[in-house]
Amino acid sequence: MRPNKRIADEGFEMPKMTPELYTLRRVVIDEIYRIKNTYTKLPRIDVRIVNPVGGTHCGYAWLNSNIIHINSKWVGSKHVPEIVAHEIVHAVVGFRHDDNCLLMSKYVTSNLDYQTIDKCLEKYLAEYK
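Here's a quick rundown of the structure. (Residues numbered from 1 in each chain as written. Predicted model: local features only at pLDDT ≥ 70, side-chain atom pairs only at ≥ 80, totals over all residues. Heavy atoms only, no water.)

**Some remarks on the overall build of the protein**
Across its full length, the protein holds three helices and four strands. Ordered by position from N to C terminus, the α and β elements of the protein give β-α-β-β-β-α-α. Over its C-alpha atoms the protein spans a radius of gyration of 14 Å, differing by no more than 12% from the 14 Å that the globule rule assigns to 129 residues. In terms of overall dimensions, the protein has C-alpha extents of about 35 × 30 × 25 Å along its principal axes. Burial status across the protein gives 46% buried among its 129 residues. Carbon and sulfur atoms form 50% of the exposed surface of the protein, whose accessible area is close to 7400 Å². Positive and negative charge centroids in the protein, built from 18 and 15 side chains respectively, lie 6 Å apart. (Helix = DSSP H or I, 4+ residues; strand = E, 2+ residues; numbered from the N terminus. Rg over C-alpha atoms; globule rule 2.2 N^0.38 Å. Buried < 20%, exposed > 50% of the residue type's maximum accessible area, 1.4 Å probe, protein only. Areas by Shrake-Rupley, 256 points an atom, 1.4 Å probe, with all protein chains shown as cover. Lys, Arg positive; Asp, Glu negative; His and termini not counted. Charge placed at Lys NZ, Arg CZ, Asp CG, Glu CD.)

**Looking at the nonpolar core**
Formed by 33 residues in total, the largest nonpolar core has its most connected members in Val-28, Ile-68, Ile-88, Leu-103, Leu-121 and Leu-125. At the level of elements, helix H1 (19-36), strand S2 (46-52), strand S4 (67-71), helix H2 (80-93) and helix H3 (114-125) are the ones that each hand at least two residues to this core. At eight residues, H2 tops the list of elements feeding residues into this core. Every residue in contact with Ile-68, bar those within four places of it in the chain, is listed here: Val-28, Ile-32, Ile-45, Asp-46, Val-47, Arg-48, Tyr-60, Ala-61, Glu-87, Ile-88 and Ala-91. (Core = buried A, V, L, I, M, F, W, Y, C linked by side-chain atoms within 4.5 Å. Contact = heavy atoms within 4.5 Å.)

**A look at the pairing of S4**
Counting buried residues in S4 gives five out of five residues, a clear majority hidden from the surface. Both faces of S4 are covered, namely the face carrying Ile-67, His-69 and Asn-71 and the face carrying Ile-68 and Ile-70. Where S2 meets S4, five bridges bridge the pair, whose relative direction is parallel. The residue of S4 that forms the bridge with Ile-49 is Ile-70. Direction of pairing for strand S3 (residues 59-62) relative to S4: antiparallel, over a ladder of four bridges. Within S4, the residue paired with Trp-62 across the bridge is Ile-67. Linking two consecutive strands that pair antiparallel, namely S3 and S4, is a turn of four residues; a positive phi of about 60 degrees is found at Asn-64 within it. (Pairing = 2+ DSSP bridges.)

Nothing here speaks to function; it is geometry throughout.
Here it is in structure tokens:
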């Protein structure tokens, strides 16, 4: 059963969409389009911007559900490409965390460049080319 995309995970709230939230959402969608330029067979991914209420995660996804939620506090950070790519792997492939992979680690520990992100994505999304 597909989760309700209008329900936020524990520690987050789903705000009403405002012009400011649409602007933040556009940043995330632009990153998805960048990835879809390579992986053209990726399914449509539902994107919501959520606000933290005690939660500190930068984003989360429901495994194999094509739904990602990104913390509004992280959207303006330099880590957005890494966060979006990480959550896409969860949402589309259903892969969990792997501390041996820079992209799929539980923690945002470095500022991954596009080349590193794309190399990591190849491992998980090759079938979507």
